[in-house]
Number of protein chains: 2
Amino acid sequence: MAPQTKPQAEPRIPLSRDRVLRAGLAFADDNGIGSLSMRKLGEALGVEAMSLYNHVANKDDLLDGMVDLVFSEIELPSVDSDWRTAMRDRAISARQALVRHPWAVTLMQSRTSPGPVTLRHHNAVIGSLRGAGFSIDLAAHSFSALDSYIYGFALQEASLPFDTPEETAEMAETFLSQFPVAEFPHLAELTVEHVLQPGYDYGDEFEFGLELILDGLKRIRAAT
Amino acid sequence: MAPQTKPQAEPRIPLSRDRVLRAGLAFADDNGIGSLSMRKLGEALGVEAMSLYNHVANKDDLLDGMVDLVFSEIELPSVDSDWRTAMRDRAISARQALVRHPWAVTLMQSRTSPGPVTLRHHNAVIGSLRGAGFSIDLAAHSFSALDSYIYGFALQEASLPFDTPEETAEMAETFLSQFPVAEFPHLAELTVEHVLQPGYDYGDEFEFGLELILDGLKRIRAAT
DNA sequence: AACATATACTTACGCCGTAAACCTGTCAAG
DNA sequence: CTTGACAGGTTTACGGCGTAAGTATATGTT
């Protein structure tokens, strides 16, 4: 008889920094970043919390690595496309990544030490603009305007308390019933006439603002 | 002899929800939101942590109240000005409030229950646009685009690890010395030719993107 | 004077991040 | 085959966290 016949079938895949980071990302996706603790992450990996410290320096390092993983999901601006297509595509790709991992938006704030993937991404965006003839100043302005919009939109989207159209409708209903409509008439109007219309999806607002900014940049670029 | 001759001179101003919220705001401004705990806030008020629960339901309620306080610092869009001036002024006022209280940007995300001040603010913004002839849809688009930009910019600004020009220069120097310049040439160029130029202040970028969006909205409004 | 109410304090519980010490399986050198 | 170093896991422990529950006290009302 074999010395060990536990129900534990796995021969214990060894931990690694990458495995820890990916498990952290999956845990945050499933349970929210707020309930991610070293103990629970250890449990999810079949390991004690302290074992994680052999692969990440501390929890902050874990979070830094997770943010860098999210950045790696964002397409770099294409070298083949014109600047506008490249900027548009990478903005949409960035938003999609942040929809998949909503917790990442807020996390990017406190992390002041960008990882290598993040740096490469920023470098490529600026390079794309410079290559299209943007001056250094205009490239900096454009980069700031686009990223502010992308992250801000993702921030708002992540803070919405609903995901599906049904949830949206339900939230809007209870919302309308909770506050005095007379006191906030415009909010009520917008809720009824816009949010509660069939097919409403806040995510669709993204491209409106994006095109607005791209149009403005195009005009300024042409004027110089 | 009096029964008590403690050095405690104050006759114990009673707590109140407002006093607790304002103390929380001041504490977060001074020490960062991360180190705000019920115990430390109690200490700052000369009181035990549990006493706070007579005035706020729990820590989340405290944070909600603090966010609403920050919103109360933002100017409502003026009724007298044209829409563009009104939107511009309130955007600048919002950014200023978020510069004063950088922790508030991230806090707004997780809080899904907006306070009365927040609701009034949103209502006034939409009302201003509607009053200027914006359709419901265009008002919704504009509101989304502007707020995404404002919060996104504040988010980026808050995550910068420097405040003064000297700190900026210092950070940029160590930054350049830490990563291989050859690998991120565009980032390096932008750092040297833009960030390290005298008089650089990231906050100045705000108005560039803001005018870009306002210009775009003006054009769309005129075209309909 | 007696009581009700509001507000502060004390104690206790379970969870957190992580320092420090400890155990154990693997593998190279003798 | 023995030995010993080392990498990577575990155990224990500490101080801090949010907050439930129970208790004390001061104030206002009758």
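What you see is a predicted model, and the numbers here were worked out from it, not measured in a lab.

Procedures and definitions
- Residues numbered from 1 in each chain as written.
- Chains lettered and ligands numbered in written order.
- Predicted model: local features only at pLDDT ≥ 70, side-chain atom pairs only at ≥ 80, totals over all residues.
- Heavy atoms only, no water.
- Helix = DSSP H or I, 4+ residues; strand = E, 2+ residues; numbered from the N terminus.
- Rg over C-alpha atoms; globule rule 2.2 N^0.38 Å.
- Buried < 20%, exposed > 50% of the residue type's maximum accessible area, 1.4 Å probe, protein only.
- Contact = heavy atoms within 4.5 Å.
- Areas by Shrake-Rupley, 256 points an atom, 1.4 Å probe, with all protein chains shown as cover.
- Lys, Arg positive; Asp, Glu negative; His and termini not counted.
- Charge placed at Lys NZ, Arg CZ, Asp CG, Glu CD.
- Least-squares fit on C-alpha atoms with pLDDT ≥ 70 in both.
- Near = heavy atom within 4 Å.
- Polar contact = N/O pair within 3.5 Å; in protein donor to acceptor, adjacent residues only side chain to side chain.
- Buried area = accessible area lost by both parts, 1.4 Å probe.
- Salt bridge = Lys/Arg side-chain N within 4 Å of Asp/Glu carboxyl O.
- Nonpolar A, V, L, I, M, F, W, Y, C, P; charged D, E, K, R; others polar.
- pLDDT = per-residue confidence, 0-100.

Caption draft 1: Up close: the overall build of chain A. In terms of helices and strands, chain A carries ten helices and zero strands. Secondary structure elements of chain A, listed N to C terminal, follow the sequence α-α-α-α-α-α-α-α-α-α. For 224 residues, the compact-globule estimate of 2.2 N^0.38 gives 17 Å, and chain A exceeds it by more than 25% at 22 Å. Residues counted as buried form 49% of the 224 residues belonging to chain A. Taking the intrachain contacts of chain A between residues at least 6 apart in sequence as the baseline, contacts between residues at least 24 apart amount to 72%. Accessible surface, chain A as shown: approximately 11,300 Å² in total, 53% of it carbon and sulfur. Once the 19 positive and 32 negative side-chain charges of chain A are each reduced to a mean point, those two points are 10 Å apart.

Caption draft 2: Highlighting the relation of the copies chain A and chain B. Under the fitted operation, chain A is carried onto chain B by 0.0 Å of movement along the axis and a turn of 180°, and the coordinates agree to an RMSD of 0.1 Å. A rotation of that kind, with that shift, is consistent with a two-fold axis. Distance from the rotation axis, computed per C-alpha, reaches its smallest value in chain A at Gly152 of chain A: 1.7 Å. When you check the interface residues of chain A against chain B, 100% turn up at the interface there too, and the contact is symmetric in its surfaces.

Caption draft 3: Geometry of the protein's contact with DNA strand C. Taken together, 18 residues form the shell around DNA strand C, and within it Arg39, Tyr53 and Lys59 of chain A together with Glu48 and Ser51 of chain B come nearest. Atoms of DNA strand C within 4 Å of the protein: sugar and phosphate make up 54%, bases the balance. Between a phosphate oxygen of DNA strand C and a main-chain N or O atom of Met38 of chain A, the distance comes to 2.9 Å. A distance of 2.7 Å is found between a phosphate oxygen of DNA strand C and a side-chain nitrogen or oxygen belonging to Tyr53 of chain A. The element best represented in the surface near DNA strand C is helix 2 (residues 38-44) of chain A, accounting for three residues.

Caption draft 4: Representation of the interface of chain A and chain B within the structure. On the chain B side, the residues contacting the 53 residues of chain A number 53 residues. Buried surface at the junction of chain A and chain B, summed over both partners, amounts to about 4,700 Å²; 69% is from carbon and sulfur atoms. Connecting chain A to chain B are two salt bridges. Here Arg130 of chain A makes a salt bridge to Glu189 of chain B, at a shortest N to O gap of 2.9 Å. One can count 14 residue pairs in polar contact (both at pLDDT 80 or more) joining chain A with chain B. With 18 residues, the top contributor of residues to the side of chain A that touches chain B is helix 7 (residues 136-159) of chain A. A breakdown of the residues in the side of chain A that touches chain B according to their chemical character gives 27 nonpolar, 17 polar and nine charged.

Caption draft 5: Highlighting the confidence of the model for chain A. Predicted confidence across chain A gives a mean pLDDT of 91, with 95% of residues reaching 70 or more. Predicted confidence for residues 1-10 of chain A stays below pLDDT 50, and this span has zero contacts to residues more than four positions away or in other chains.

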